[in-house]
Amino acid sequence: MSTGKLLLGVVAGVAAGALVGILFAPDKGSETRRKISKKGADYAADLKNSFSDLVDGMSSKFDDAKEEASNLADQGKAILDHSKNRANDFKRDVKTPAM
């Protein structure tokens, strides 16, 4: 199970539990609606922050992977250039007879 799905499940469970608790509380309707509204806003803010953290983490991992791929490409190019130089040296040595 991914961390995002687990986090979403926990947040949804907490929200459902809080909503049920508020609905069965012995408060006036207006007070209950105010509490529901406040809790909803709090959970929305928490969810937004969690999602933002998840996106930031994914962005960071993507940047790291991009950097690693760039480094590997540079290493591969350096190896290819070195191999081409060695092949050209070998061709030159073969064409030029030793005296």
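Residues numbered from 1 in each chain as written. Predicted model: local features only at pLDDT ≥ 70, side-chain atom pairs only at ≥ 80, totals over all residues. Heavy atoms only, no water.

Draft legend 1. How the structure looks around the packing of helix α1 (residues 3-23) against helix α2 (residues 29-95). Interhelical geometry of α1 versus α2 gives an angle of 175° and a closest axis separation of 10 Å. With respect to each other, α1 and α2 are oriented roughly antiparallel. Listed contacts from α2 to Gly4, Leu7, Leu8, Val11, Val14, Ala15, Ala18, Leu19, Ile22 and Leu23 of α1 are Thr32, Lys35, Ile36, Lys39, Tyr43, Leu47, Ser50 and Leu54. Here the residues of the contact of α1 with α2 are counted per class, giving 13 nonpolar, three polar and two charged. (Axes fitted to C-alpha atoms, helices over the stretch in contact; angles between N-to-C directions. Helix = DSSP H or I, 4+ residues; strand = E, 2+ residues; numbered from the N terminus. Parallel < 35°, antiparallel > 145°, perpendicular 65-115°, else oblique. Contact = heavy atoms within 4.5 Å. Nonpolar A, V, L, I, M, F, W, Y, C, P; charged D, E, K, R; others polar.)

Draft legend 2. Looking closely at the pattern of salt bridges. Within the structure shown, the criterion is met by four salt bridges. Salt-bridge contacts for glutamate 31 lead to arginine 34; the nearest nitrogen and oxygen are separated by 2.5 Å. Of this pair, glutamate 31 and arginine 34 both sit in helix α2, separated by three residues, roughly a single helical turn. Residue class for arginine 34 comes out partly exposed when judged on its relative accessible area of 46%. (Salt bridge = Lys/Arg side-chain N within 4 Å of Asp/Glu carboxyl O. Buried < 20%, exposed > 50% of the residue type's maximum accessible area, 1.4 Å probe, protein only.)

Draft legend 3. Focus on α1. The terminal C-alpha atoms of α1, which comprises 21 residues, lie 30 Å apart, in line with the 30 Å expected from a rise of 1.5 Å per residue. By the burial criterion, the buried members of α1 are Val11, Ala18 and Ile22. Projected onto a plane normal to the axis of α1, the buried residues spread over an arc of 35° and lie on a single side. For α1, exposure combined with an orientation more than 90 degrees from the buried face picks out Lys5 and Leu23. On the buried face of α1, the contacting elements are α2. (Expected span 1.5 Å × (residues − 1). Arc of directions from axis to C-beta.)

Draft legend 4. The arrangement of a negative patch on the surface in detail. Among the surface-exposed residues, Asp63, Asp64, Glu67, Glu68 and Asp74 lie close enough to one another that they form a single negatively charged patch. Note on placement: aspartate 74 falls in helix α2. (Patch = residues over 30% accessible without salt bridge, like charges linked within 9 Å, V, L, I, M, F, W, Y side chains within 5 Å. Areas by Shrake-Rupley, 256 points an atom, 1.4 Å probe, with all protein chains shown as cover. Lys, Arg positive; Asp, Glu negative; His and termini not counted. Charge placed at Lys NZ, Arg CZ, Asp CG, Glu CD.)

Draft legend 5. How the structure looks around the environment of leucine 6. Residue placement: leucine 6 occurs in helix α1. Accessibility expressed as a relative area gives 48% for leucine 6, which makes it partly exposed.

These values are about where atoms sit, not about what they do.
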